Amino acid sequence: MAAAKVATLQSAAGTLAGVSQSKLLDRKIHAAPLNLRRSLFVPSFEAKHNGMGRSKQATRGGGVRAALAESPAKPEAAASQNGAVSEGDNCFGVFCLTYDPTKEEKPKTWKKTLRIAVSGAAGQISNHLLFKIAAGEVFGQDQPIALNLLGSSRSREALEGVAMELEDSLFPLLREVSIGVEPMQVFRDADWALLIGAKPRGPGMERSDLLELNGQIFADQGKALNAVANKDVKVLVVGNPCNTNALICMENAPDIPKKNFHALTRLDENRAKCQLALKAGVWYDAVTNMTIWGNHSTTQVPDFVNAKIYGHPVKDVIKDTHWLENDFTPAIQTRGGKLIKKWGRSSAASTAVSIADAIKSLVTPTPEGDWFSSGVWSEGNPYGIAQDLVFSLPCRSEGDGNYEVVSGLEIDAWLRERIQKSEEELQAEKNCVKHLFGEFGGVCDLPFGDTLLPGEQ
Ligand SMILES: NC(=O)C1=CN([C@@H]2O[C@H](COP(=O)(O)OP(=O)(O)OC[C@H]3O[C@@H](n4cnc5c(N)ncnc54)[C@H](OP(=O)(O)O)[C@@H]3O)[C@@H](O)[C@H]2O)C=CC1
Ligand SMILES: O=C([O-])CC(=O)C(=O)O
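Rules used in this analysis
- Residues numbered from 1 in each chain as written.
- Chains lettered and ligands numbered in written order.
- Predicted model: local features only at pLDDT ≥ 70, side-chain atom pairs only at ≥ 80, totals over all residues.
- Heavy atoms only, no water.
- 1 Å grid on protein atoms, 1.4 Å probe; cavity = no way out; pocket = protein on both sides within 12 Å on 5 of 7 lines; lining within 4 Å.
- Points joined across faces, edges and corners; volume = space filled by probe spheres on them.
- Helix = DSSP H or I, 4+ residues; strand = E, 2+ residues; numbered from the N terminus.
- Nonpolar A, V, L, I, M, F, W, Y, C, P; charged D, E, K, R; others polar.
- Domains from an automatic or database assignment.
- Near = heavy atom within 4 Å.
- Polar contact = N/O pair within 3.5 Å; in protein donor to acceptor, adjacent residues only side chain to side chain.
- Areas by Shrake-Rupley, 256 points an atom, 1.4 Å probe, with all protein chains shown as cover.
- Sits in = over half its atoms within 2 Å of the grid points.
- Expected span 1.5 Å × (residues − 1).
- Buried < 20%, exposed > 50% of the residue type's maximum accessible area, 1.4 Å probe, protein only.
- Contact = heavy atoms within 4.5 Å.
- Salt bridge = Lys/Arg side-chain N within 4 Å of Asp/Glu carboxyl O.
- Buried area = accessible area lost by both parts, 1.4 Å probe.

Draft legend 1. Region of interest: empty space enclosed by the protein. This structure, assessed with the given rule, holds 2 cavities of 30 Å³ or more. There is about 40 Å³ of room inside the second largest cavity. Residue lining of the second largest cavity: Trp-192, Leu-236, His-262, Ala-358, Leu-362, Phe-372 and Ser-374, and that is the complete set. Residue assignment for the lining of the second largest cavity shows that the elements contributing at least two residues are helix 17 (349-363) and strand 12 (372-377). The residue inventory of the lining of the second largest cavity, partitioned by class, reads 5 nonpolar, 2 polar and no charged. Taken domain by domain, the makeup of the lining of the second largest cavity includes at least three residues from each of domain 1 (111-263) and domain 2 (265-435).

Draft legend 2. Representation of the site of ligand 1 in the model. In the vicinity of ligand 1 there are 25 residues, among which Gln-124, Ser-152, Arg-154, Lys-199 and Asn-240 approach most closely. Within the backbone of Ile-125, a nitrogen or oxygen atom sits 3.1 Å from an oxygen atom of ligand 1. Here ligand 1 loses 82% of its free accessible area of 930 Å² to cover by the protein chains. Taken atom by atom, the bulk of ligand 1 overlaps the largest pocket. At the level of elements, helix 8 (124-134) and helix 11 (207-228) are the ones that each hand at least two residues to the shell around ligand 1.

Draft legend 3. Seen up close, helix 17. Helix length check: helix 17 (15 residues) gives 21 Å between terminal C-alpha atoms against 21 Å at 1.5 Å per residue, within 8%. Those residues of helix 17 not exposed but buried are Thr-351, Ala-352, Ser-354, Ile-355, Ala-356, Asp-357, Ala-358, Ile-359, Ser-361 and Leu-362. Where helix 17 is buried, its residues contact helix 8, strand 4 (192-195), strand 5 (234-237), strand 6 (261-263), helix 13 (266-280) and strand 12.

Draft legend 4. Just the pattern of salt bridges, in detail. Enumeration according to the criterion identifies 11 salt bridges in this entry. For Arg-115, the salt bridge goes to Glu-176, with nearest N and O atoms at 3.0 Å. Here Arg-115 is found in strand 1 (residues 114-119), whereas its partner Glu-176 is found in strand 3 (residues 174-180), with 61 residues between them in sequence. For Glu-137, the salt bridge is made with Lys-132, and the minimal N-O distance between the two is 2.9 Å. Residue Glu-137 is classed as partly exposed on the basis of its relative accessible area of 39%. Several salt bridges converge on common partners, so that one network encompasses Arg-266, Glu-269 and Lys-273.

Draft legend 5. Highlighting the layout of surface pockets. By volume, the largest pocket is sized at about 1,200 Å³. Per element, the largest residue contribution to the lining of the largest pocket is 5 residues, and it comes from helix 11. A breakdown of the residues in the lining of the largest pocket according to their chemical character gives 18 nonpolar, 19 polar and 6 charged. Split by domain, the residues of the lining of the largest pocket number at least three in each of domain 1 (111-263) and domain 2 (265-435). If you add up the space inside the second largest pocket, you get close to 390 Å³. Lining the second largest pocket are 17 residues; nearest its centre among them are Asn-270, Arg-271, Lys-273, Cys-274 and Tyr-284. When contributions to the lining of the second largest pocket are tallied by element, the ones reaching two or more residues are helix 13, strand 7 (287-288), helix 16 (335-343) and helix 17.

Draft legend 6. Spatial organisation of the domain arrangement of the protein chain. Parsing the protein chain into structural domains produces domain 1 (111-263) and domain 2 (265-435). For domain 1 versus domain 2, the separation of C-alpha centres amounts to 23 Å. Roughly 2,900 Å² of surface becomes buried between domain 1 and domain 2 when both sides are summed, with 66% attributable to carbon and sulfur atoms. Taken as a group, Asn-243, Lys-259 and His-262 account for 19% of the area that domain 1 buries against domain 2, more than any other trio of residues on that side. Summed over the shared surface of domain 1 and domain 2, the number is 0 salt bridges. Taken together, the connections running from domain 1 to domain 2 amount to 10 residue pairs in polar contact (both at pLDDT 80 or more). Mapped onto the side of domain 1 that touches domain 2, the elements with two or more residues apiece are helix 8, strand 4, helix 11, strand 5, helix 12 (242-251) and strand 6. Considering only residue class, the side of domain 1 that touches domain 2 consists of 18 nonpolar, 7 polar and 7 charged.

See the structure below:
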């Protein structure tokens, strides 16, 4: 089986980019016939697992090849032994081709393939993000990638379209693509899970309805991650309301360390840096130490008290406190909604960029003295915030995928009051969804009437 894994690492896309046509013919590599390719799409989880009796390693992408060689169960299996096409459960098109790695001209000094599961893969944000990941812009130019794409039954066809575009992009680092609609299948062995897919709030829908609807999705996905993902999988929740969805997912995945769960507040951090740079008349990279506290909602607190411009406190550079409190703060809290009014849809490209930034902040060491924001498990935080929430806090990483919360930031009265409001909001959201992780007796009573996502004004 180890040989099968190696064969998977050496699948088609990279090799196609690196060898001549004659070499390809030497290796008897040819494109999958169209009818066979189409037959590979999204078979049901039950059919594959009950019918074929394959081992876990044998159920995806190029990895299936050796299993079929051991016990050919279908006509296609014999074909795959001859080096052309192997049938993975959900592998897509060119990503079902396998190679004999010992025949590589120059074996690549690439890292072990990283398996990234992405939900909402046929949506707007993914349409930007997947291509950045596959191009090596997120995990690095020496990091081969396997993409496991999750859609819903409604977006199944669209998911095939996404996979076709990934094929046509000839990304050398993209070694496998599989698609599916079952989290239990798509999350298998995932090293990262980027949970983007969620329902938008429909007309007349209360926020509590949205919490319930999307909460159920994230409860199911948490269970699936717990059952089949890598036990050290890093999970980044983007689908809104992302903090509470991340909490639900985390609580449904008791075998995965709670510190591995994040809710995306990096877009808010980036928006805040941009507006401070604009006001100060400096370039973005002069703005550092930017914290977003709390919820990814209109109660979030962009912290101008501790942020710096060229290493100086923001307030020493921007002396207009009225602007900081009354213009800057609501501008960040409502930026998403303003953009929707202009664009007619919510931020997708900048969200994808911020997801890439959030991941890079975990896989590269944080610059000395700086920090980044992420919605993380609040347990043990040094700011007196309730212990059992997913709350955006200042974090640092050594670049190993983990982080620590930065302590010692100044929390003045202005910040304290607003951070508390965001905390109350998250506690109220938690009360609405407690039943989704087995705690009963919660009353769904959201404060301040019906609080808003950034995109909901
Ligand atoms: N945290 C942040 O900073 C931000 C968060 N967001 C949030 O990100 C989410 C996605 O945004 P965007 O990409 O623009 O939305 P889209 O509507 O373009 O895409 C969402 C995708 O999710 C799919 N989906 C729905 N339910 C599920 C499910 N149960 N499992 C898997 N996939 C599912 C949808 O498929 P189908 O059509 O078949 O239902 C659709 O393809 C939204 O919740 C949005 O509010 C957006 C911007 C910033
Ligand atoms: O509300 C939305 O869907 C969009 C959103 O989160 C944002 O732009 O910050």
